[in-house]
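Listed below are the residues making up each chain.
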Amino acid sequence: LIAVGAETLGLRMERACDNAMALATMLASHPKIARVYYPGLETHPQHERAEELFDHFGAILSFEPIGDIDPVDLLRELDIVICATHLGDTRTLALPVAQTIFFEMGLENRQKAGIGENMIRMSVGIEDIEALIEDFNQALGKV
């Protein structure tokens, strides 16, 4: 199974990176999203450096919904995206970082590190990108 997985890793990563770029672009233009963190976007502070170093910009991105949108509420409205901490899956996974992986840092340290209380981190998978975008559009329409 490891050999079979290694044979298709390049194809899967290319698809996941393409999906991440498309999803980051869509989220960056959505009125209910305050900020997207993805080196493939020209607004990212390290975009030029990433462009020099990499062929693709990766499959991990983070974003912050506007105002008081609860990230847990948003994640509950998604049908395709799975709320989980794992990275690198073929499925798109997401989690609210302040309530999970950065909880023990405390609010003050999260603020110093620039981690918003409603930030969501995603590991983008290889699903059909139109289905992922539609899933986010319908979920954002509900919160």
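See the structure above.
First, a word on what this report is: a plain description of the structure on this page. (Residues numbered from 1 in each chain as written. Predicted model: local features only at pLDDT ≥ 70, side-chain atom pairs only at ≥ 80, totals over all residues. Heavy atoms only, no water.)

One can find His30 in the loop between helix H1 (2-28) and strand S1 (33-37). With relative accessibility at 15%, the residue His30 sits in the buried group. One polar contact links the side chain of His30 to the main-chain amide nitrogen of Lys32, over a distance of 3.0 Å. The contact partners of His30, leaving out residues within four places of it in the chain, are Asn137 and Leu140. (Helix = DSSP H or I, 4+ residues; strand = E, 2+ residues; numbered from the N terminus. Buried < 20%, exposed > 50% of the residue type's maximum accessible area, 1.4 Å probe, protein only. Polar contact = N/O pair within 3.5 Å; in protein donor to acceptor, adjacent residues only side chain to side chain. Contact = heavy atoms within 4.5 Å.)

Before going further, it helps to examine the environment of Ile129. Following the sequence through the fold, Ile129 ends up in helix H5 (residues 129-142). The spatial distance from the C-alpha of Ile129 to the C-alpha of Ala3 is 27 Å, given a sequence separation of 126 residues. Those residues within four positions of Ile129 in sequence are excluded, and the remaining contacts are Arg15, Asn19, Ala22 and Leu23.

Each full turn of the α-helix corresponds to 3.6 residues, which orients residues three or four apart in the same direction. Spanning 27 residues, H1 covers 36 Å between terminal C-alpha atoms, matching the ideal 39 Å at 1.5 Å per step. Where H1 bends most, the angle comes to about 50 degrees, and this point is Thr8. Turning to H1, its buried residues number three or more, namely Ala16, Cys17, Asn19, Ala20, Leu23, Ala24, Met26 and Leu27. Those residues of H1 that are buried are in contact with S1, strand S2 (60-65), strand S5 (120-123) and H5. (Expected span 1.5 Å × (residues − 1). Bend = angle between axes of the 7 residues up to and from the residue.)

Note that all results are geometric; they support no functional claim without further evidence.
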